[in-house]
Amino acid sequence: MKEQGFNVGYIDKKYLIMNRYLPPLGDKLGFWNRLRIEGIRYAAEKGVEHEVLSRPKPRGRILDRLSIKEVNVDAINNLIQRLGIEGVDRLEVDVGVDFASKRLSTPIYIGDMSFGALSGNPNIALARAADIANVVIGIGEGGLHPEVGECSNIVIQWASGRFGIDRYMIRKGIAVTIKIGQGAKPGIGGHLPGEKVVDDIAKLRRIPPGSEALSPAPHHDIYSIEDLAQRVRMLNELTGKPVLVKAAAGHQARFIAVGIARAKALGAIIDGAGAGTGAAPKIVRDHVGVPIDFVISITDRLLRDNGLRDGFLLIAGGMIASGQDIFKSILLGANMVNISTALLIAMGCIMCHKCNTGKCPAALTNSLSEPRRLDIGWGVKHAVNWLKAVERSLKILTYSLGEDKLQNLVGRRDLLELYYADKDVAEIIDVVLKEPGQIAWYEEPQELDIPFEVMFYGKTPVVGMGGIVPGYTTPAERPLDLLRIEAAQVTRPSIDPYREEIDLRVALHDGVTYEAPIVVPCIDDALVDAAEALGYPIECELLKYSKLVEVSPGTYPQTLEGIIIVDEGEFNGKRPWLEEWVVVLDDEGRRCRLREKFALVAAGRLKDGADIYKLIALGADAVLPRALFNSVKERIHGEVKERRIEVYENVLIELSWELRLLMGAGGVTSYKSLRGNRWLLRSLDGYVARVLNVDIAGI
Amino acid sequence: MCGIAGIASTATQIPFKDILKVLKAMEFRGTEQGAGFAAHIPVDGGFIRFKVFAGDEDSIKVLTEVIKDLIISGPDKVATFNKVSVYEYYLSDYPPQSVYNSRGVWVLQASKYLNVWKGVGWPYTVAEAYRLHNLMSNVWIGHTRYPTNSPGFKPWLTHPFTYRETVIVHNGDLSSYGINKRYIEFRLGINNFTGNDSESIAYLMNILLNDGYRADEAINLLCTGEVIPEVKLDGPFAVIFIHGTSKGPIFGAFVDNHHLRPLYVAFSDDKVYVASEAGALKALDHKLKPLMLRGGGMVILYPDGEKVVKGLTEYKVFSYTTPPLNDGINALLYANSVDLNKAIDDVLRSKGYAIVYNLLGHRYVANGLGPGYLELTGVVGNSSLNLIEGLDVRIYGQAQEDLADCAENSRIVVYGDVGDATAQAMRSGELHVLGNAGNRLGVQLRGGIVVVRGDVGDYLGEYMAGGTIVVLGSVGKYVGTGMVGGKIYISNYVPLSNIGKAPPKTQVERYLHALVRRGKLPEDVAVKALNAKSVSELSNILHDQFRQLSKLWGILHVGYPHAEYRYLRDYEELELRNILMNHVLITKIPLNIDEILLNKFTIITAAKYKD
């Protein structure tokens, strides 16, 4: 069978069976680039990783900037070549871990991907691979696929949607995982798009076919840590099995882990930013939550300080893709890792970010109504090979440190050295700083590409798969991009803006109340009409107000009253930045007790709801995203006015949904609680943190 | 976070053991990581009672030097937790603000009228450390702690939190902490915060009360952010407070607008009782009738006896016969829920029916059990009757949160109120509630029938995917948001703005006016649209124009529920008559079904998520 010119498989009666790798797409910039995909495929074919250890890199994750003391990169890569697979397997090194009733061979928990998110065969292949490689796998929240149920290393998930749960099914695994959140979309519930809710999936989940299977953003019975403890105990009593809790890495991850340990759970799966997903709002995926490597060490330390570390499994997830990632995570303080994307890549994922459409070309995340099916045997073989390859890397790394048990190395941060980072980050991860540098990675702004669903449907874009963390795994355009947004996990519920009220109304100082803190420039009559109809502030209307001044960053207004517009003109990266000046003027206003006398409007090369959220949290009253509106204007140039009005309305409405999604993720129900609330932000970069007066990620 | 309680009276002195007993009954909500109490016990001579935590003598020496001109007596070491001691002074006046910012010491209290005790431990161990057992006061509040956003071993992070004459206990977690804290910093000149979000509530309440607001007004400002946006509390909170004044103590309790944390209130003679759990109040006095405080609700008792009560459920009275207890299971004899459930399971298996009495907020009752007939008396605790199958249950009394999660093919009758998230993801069977229900009744209901005689809170039938819900009382806001299947009948008019998550009314008005201005909509049509009683009506009036307006509902993501207010159609009347006749048959509490069916109903069905 020829498809797109490649030989992809064979036809079995009605299905096209996938048993080959398709050419990888990969992200041009981003974690899951073509090189990484090819590396995983190499390991999945050969059973050994191409590179066991690499040198610290000046860009990317903290994990990529860490080196292991006294381990020579070339020597260890040569050693594994020399020993060969048989040689490594003969090493008397134990990289396993006790998990519930099992002793696993490798400290891997295969991430919870539901039947529905994956199309059945991949669920079966992964569950069988987990049994063969003797790791553990979470089944996700779609109910139990009968053939997955026959496997022995499965963990049942209890999620907010309760899909497919009954009193028999809940007892079928070796443990139960309560899913609070996931790294790709902290504060947002599971989402199986209607396209994928077909046949068996709809029946198993007990929802009408074609409807969106949305899990509530929080568990509606878990609004606090004592509620979680109650659920942990309830599930433990009901099933007689140990219970784990999976939560996304928000700012408070370490306290949540401690709360989970105190609830006598077996472990906490903390899932960092950049983790994979079947469907997530893009704005949330890219800006909410913290990468896992900021969190592991501080969580490990807090657990120890509270006397809760013994017997508790700290499981780290999010962009963990190789043996050395796992090894460094363990040195930082984890016991195990949570992996899913890397295994999908081992089974043929090309990283096209289209999981949400149900049209996966590799037959992994496709809808059951699509004609492709993964060859289970082929999938199992490659997944097992990759797991074995990683196990071998772990063995050789453990061996090279003269240790025979990997679990003895948990939290041995003294064996790590950090390169190319600032001292604030080094302090957070408690690792010696060997060579100073900057985490932030800037590049010239790209041309803005506004998705069609924003312009023509007023709909927030939804995407699949992760690996995108601006300024970290992909370039930042400005310091604002280095700021991560808080997500509510466990200690308070996140709010789903499509079902619950989030109040964006703002009173500026011209005596008018507006529906959203988003100022619209007067660059097109149609835009002004759209803004007026929706009740957004309009720049030229504000300019008529007598007490209005415009300043550029670095300039103080004559008096702190009325409306102050800080306009950066063209962003050039030079200090003081717009974001910095918002902080300065907000602080000044509060210090002089004049803050209620003026409204601060930040205008500049700003493009989305995340920019608006962050500037308001830093201290602005409203934000004028010039780049966004200029770009929309260009796109619809020449259309008739009514058509332009509609597009502008869509963009303005969508922008407010983005802002609400971000606020809701953190459990913020009102604009009033957002403005000046810098506690909701964390910086990935120490320098940016100091200039903008926000805490560093991980704290 | 955790469990909170309060007892107040304008006439009677209440012994300490009462508040301790209520907290003890909520042990489940706490840990040994902290507890505390506060009472209204004015200092003789009008002096200031000043207590601080300090880890070393040197810090105390420095502090003593700073306040030496104010000291009447002290410092006296009164208790020690994890190597951190509490030192008590008596001062001639409030200490300077700088003591709040000094290194090495944390102010526990500086007040004329209050006495506050807290530390690391269970409520009874903290009480022993301070030797509180014989104390009396007319107002008590207490807290048992499950640490949330701070470590458990530092005593200054425990509750209550006090600023001058205001003391609070809090269950919840504030997303607004960052901005609340900045406001306090600039308003009071305090910059050394403990990092526990709850502290901000004490400061903010004190600021507002000192600004001259009455307590009920102050609570209103904290809940809405009107006048001062920075004082708005966001996120879950249930708070109980005392504010000391020269006229006596003001006592009160309030819950956030969304009812994200529970509080139950009971009255007897001159007393007001408040606790996180109904069962805890029953444990103190079985005659008390705990009522749910709904989202945005409050109870305040002023020193002159004036009571302000807002958002409290009504007590519903029915007559029913409770089962004989002689061959029942006494819940108080079982140390934990595993043993209790094993006993229930054994009896169900051997006899096919079981009776359990003396339930005082016991959790997990009968989870995973069935089939059989089960009678429960008292207060059924959180997460009970979860994942049951084929169980026929009568509850004589009330049930707290999370009843009947994932229940299948069971029948549950509750002769009283049920708490939040009842019948979550219930798969099939019946639930009959004779009293009221909390928020999120039938959230994600997958099938079966739910009938409620009383009133229901917000988010009724959220994410509902199947089954039928019938409410004969009133309902709150956001009915049927994200509904994808099933049907809700409400025998009342529910306004458009309360169905689904409607956009702000102001924005709809603006939008329609703008259409009129641009000549896209005749004025009379706009007026008609603004008076529409349901989304369907609005959609019919606006025709094509509705498509654009509907985006304000987020229609393309989850849509808006289809709602009509009208008389029942024949097939609906038949359906409802069957449901209600069965309901009366099962509950044995009569109902005038014919009269009810003559009413207009608000009928809500699944969201139209795809046009």
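Residues numbered from 1 in each chain as written. Chains lettered and ligands numbered in written order. Predicted model: local features only at pLDDT ≥ 70, side-chain atom pairs only at ≥ 80, totals over all residues.

### Looking at the overall build of chain A
Moving on, step 1. In terms of regular secondary structure, chain A is built from 22 helices and 31 strands.
Moving on, step 2. In terms of C-alpha radius of gyration, chain A reaches 25 Å, essentially the compact-globule figure of 27 Å for 699 residues.
Moving on, step 3. Projected onto its principal axes, the C-alpha positions of chain A cover 80 × 55 × 55 Å.
Moving on, step 4. The 699 residues of chain A split such that 67% are buried.
Moving on, step 5. Long-range pairs, those at least 24 residues apart, make up 68% of the contacts in chain A between residues at least 6 apart in sequence. (Helix = DSSP H or I, 4+ residues; strand = E, 2+ residues; numbered from the N terminus. Rg over C-alpha atoms; globule rule 2.2 N^0.38 Å. Buried ≥ 20, exposed ≤ 12 C-beta atoms within 10 Å, placed from the backbone. Contact = placed C-beta atoms within 7 Å.)

### Considering the overall build of chain B
Moving on, step 1. Within chain B, the regular secondary structure consists of 14 helices and 29 strands.
Moving on, step 2. Scaling as 2.2 N^0.38, a compact globule of 611 residues should have a C-alpha radius of gyration of about 25 Å, and chain B matches this with 27 Å.
Moving on, step 3. Summarising the internal contacts of chain B: among those between residues at least 6 apart in sequence, 55% fall at separations of at least 24.

### Focus on the domain arrangement of chain B
Moving on, step 1. You can read the domains of chain B as domain 1 (3-41 + 115-312), domain 2 (43-112), domain 3 (329-499) and domain 4 (505-559).
Moving on, step 2. Its residues assigned to classes, the side of domain 3 of chain B that touches domain 4 of chain B shows 2 nonpolar, 2 polar and no charged. (Domains from an automatic or database assignment. Nonpolar A, V, L, I, M, F, W, Y, C, P; charged D, E, K, R; others polar.)

### A look at helix H15 (residues 525-534) of chain A
Moving on, step 1. Along H15 of chain A, 8 of the 10 residues are buried, which leaves the element largely enclosed by surrounding structure.
Moving on, step 2. Of all the residues in H15 of chain A, the buried ones are Ala526, Leu527, Val528, Asp529, Ala530, Ala531, Ala533 and Leu534 of chain A.
Moving on, step 3. In this structure, the buried residues of H15 of chain A make contact with helix H19 (626-635) and helix H20 (641-665) of chain A together with helix H9 (505-517) of chain B.
Moving on, step 4. Backbone geometry just downstream of H15 of chain A places glycine 535 of chain A in the positive-phi region, at approximately 85°.

### Thoughts on the interface of chain B and chain A
Moving on, step 1. Of the residues lining the interface, 79 residues belong to chain B; the matching set on chain A comes to 70 residues.
Moving on, step 2. Elements with a minimum of two residues in the side of chain B that touches chain A: helix H4 (177-188), helix H8 (337-351), strand E26 (465-471) and H9 of chain B.
Moving on, step 3. Residues belonging to the side of chain B that touches chain A are distributed by class as follows: 30 nonpolar, 29 polar and 20 charged.

### Looking at the packing of helix H2 (residues 73-90) of chain A against helix H12 (residues 376-400) of chain A
Residue and element names in this part refer to chain A.
Moving on, step 1. In contact at an axis separation of 11 Å, H2 and H12 are set at 120° when each is read in the N-to-C sense. Judged by the inter-axis angle, H2 sits oblique to H12. Crossing of H2 against H12: the hand is right-handed. Across the interface between the two elements, Ile76, Leu79, Ile80, Ile85 and Val88 from H2 touch Arg392, Lys395, Ile396 and Ser400 from H12.
Moving on, step 2. Classifying every residue of the contact of H2 with H12 gives 6 nonpolar, 1 polar and 2 charged. (Axes fitted to C-alpha atoms, helices over the stretch in contact; angles between N-to-C directions. Parallel < 35°, antiparallel > 145°, perpendicular 65-115°, else oblique. Left-handed = near helix turned anticlockwise from the far one by under 90°.)

### Some remarks on the confidence of the model for chain A
As a note on interpretation, predicted positions should not be read in detail where pLDDT is low.
Moving on, step 1. Of all residues in chain A, 98% have pLDDT values of 70 or greater, and the mean over the chain is 94.
Moving on, step 2. In this model, residues 1-7 of chain A is a region of pLDDT below 50 whose contacts with residues beyond four sequence positions or in other chains number 10 contacts. (pLDDT = per-residue confidence, 0-100.)

### Looking at helix H6 (residues 225-239) of chain A
Moving on, step 1. With 15 residues, H6 of chain A should cover 21 Å at 1.5 Å per step; its first-to-last C-alpha distance of 21 Å lies within 8% of that length.
Moving on, step 2. A positive backbone phi angle near 70° is found at glycine 240 of chain A, which sits one or two residues after H6 of chain A. (Expected span 1.5 Å × (residues − 1).)

### Observations regarding the environment of asparagine 578 of chain B
Moving on, step 1. In this fold, asparagine 578 of chain B is placed in helix H13 (residues 570-587).
Moving on, step 2. Spatially, the C-alpha atoms of asparagine 578 of chain B and tryptophan 156 of chain B are 59 Å apart, while their sequence positions differ by 422 residues.

### Comments concerning the sheet that holds strand E29 (residues 622-625) of chain A
Residues and elements named next belong to chain A.
Moving on, step 1. As summarised here, the arrangement of the 4 strands in space is E26-E27-E28-E29, forming an open sheet in which the pairing is parallel. Where the open sheet ends on each side, the last strands, each with one partner, are strand E26 (548-551) and E29. Taking the axes of each pair of neighbouring strands and ignoring which way they run, one obtains an average angle of 20° across the sheet.
Moving on, step 2. Here strand E27 (residues 562-567) pairs with strand E28 (residues 598-604) via 6 bridges, running parallel. For glycine 562, the partnering residue across the bridge sits in E28 and is phenylalanine 598.
Moving on, step 3. Along the sheet face, helix H18 (residues 609-618) touches E28 and E29 and points at about 145° away from the line of E29. (Pairing = 2+ DSSP bridges.)

### A closer look at the packing of H4 of chain B against helix H5 (residues 199-210) of chain B
All names here are of chain B.
Moving on, step 1. Between H4 and H5, whose axes approach to 10 Å, the crossing angle comes to 50°. As far as their axial angle goes, H5 and H4 are oblique. Of the two elements, H4 crosses H5, and the hand of that crossing is left-handed. Listed contacts from H5 to Tyr177, Asn180, Lys181, Ile184, Arg187 and Leu188 of H4 are Ser200, Tyr203, Leu204 and Ile207.

### A short note on the sheet that holds strand E30 (residues 681-683) of chain A
Moving on, step 1. As summarised here, the arrangement of the 3 strands in space is E23-E30-E31 (chain A), forming an open sheet in which the pairing is mixed. The outermost strands of the open sheet, each flanked by one partner alone, are strand E23 (483-485) and strand E31 (695-696) of chain A.

### Considerations on the domain arrangement of chain A
All names here are of chain A.
Moving on, step 1. Partitioning chain A into structural domains gives domain 1 (2-436) and domain 2 (496-665).
Moving on, step 2. A C-alpha centroid distance of 39 Å is found between domain 1 and domain 2.
Moving on, step 3. At the interface, 12 residues of domain 1 touch 9 residues of domain 2.
Moving on, step 4. Here the side of domain 1 that touches domain 2 takes 4 residues from helix H8 (residues 282-287), the largest share from any one element.
Moving on, step 5. Across the side of domain 1 that touches domain 2, the residue classes tally to 8 nonpolar, 3 polar and 1 charged.

### Digging into the pairing of strand E10 (residues 154-158) of chain A
Residue and element names in this part refer to chain A.
Moving on, step 1. Taking burial as the measure, the 5 residues of E10 include 5 buried ones, the bulk of the element.
Moving on, step 2. Burial along E10 is two-sided: the face carrying Ile154, Ile156 and Trp158 and the face carrying Val155 and Gln157 are both buried.
Moving on, step 3. Looking at chain direction, strand E9 (residues 136-138) and E10 are connected through 2 bridges and run parallel. Opposite isoleucine 137, over in E10, you have isoleucine 154 as the bridge partner.

### Overview of the confidence of the model for chain B
Moving on, step 1. Scored by pLDDT, chain B has a mean of 93; 98% of the residues are at 70 or more.
Moving on, step 2. For this predicted complex, the interface score ipTM comes out at 0.93, alongside a pTM of 0.95.

### Points about unusual backbone geometry
Residue and element names in this part refer to chain B.
Moving on, step 1. With an omega dihedral of 5°, the bond running from glycine 74 to proline 75 counts as a cis peptide bond.
Moving on, step 2. Following glycine 370, the chain continues to proline 371 via a peptide bond in cis, the omega torsion being 5°.
Moving on, step 3. You can see proline 371 is positioned in the loop between strand E20 (353-362) and strand E21 (372-380).
Moving on, step 4. Even without being a glycine, tyrosine 364 presents a positive backbone phi close to 60°.
Moving on, step 5. Mapped onto the secondary structure, tyrosine 364 falls in the loop between E20 and E21.
Moving on, step 6. Take tyrosine 364: there are 25 C-beta atoms within 10 Å of it, and that puts it in the buried class.
Moving on, step 7. Not every positive phi belongs to a glycine, and serine 383 is a case in point at roughly 50°.
Moving on, step 8. Note on placement: serine 383 falls in the loop between E21 and strand E22 (391-399).

### Focus: the environment of asparagine 33 of chain A
Moving on, step 1. Topologically, asparagine 33 of chain A is positioned in the loop between strand E4 (15-18) and helix H1 (34-46).
Moving on, step 2. Separated by 317 residues in sequence, asparagine 33 of chain A and isoleucine 350 of chain A have C-alpha atoms that sit 9.8 Å apart.

### With respect to the pairing of strand E27 (residues 485-490) of chain B
All names here are of chain B.
Moving on, step 1. The element E27 is largely enclosed, with a buried count of 5 among its 6 residues.
Moving on, step 2. As paired elements, E26 and E27 share 5 bridges and run parallel to each other. Directly across from isoleucine 469, in E27, lies its bridge partner isoleucine 488.

### Focus on the environment of arginine 678 of chain A
Moving on, step 1. Take arginine 678 of chain A: it is sitting in the loop between helix H21 (671-674) and E30.
Moving on, step 2. Distance in space between the C-alpha atoms of arginine 678 of chain A and arginine 644 of chain A is 36 Å, their sequence separation being 34 residues.
Moving on, step 3. Ignoring any residue separated from it by four or fewer positions in sequence, one finds arginine 678 of chain A in contact with Ala617, Leu618, Asn693 and Val694 of chain A together with Gly178 of chain B.

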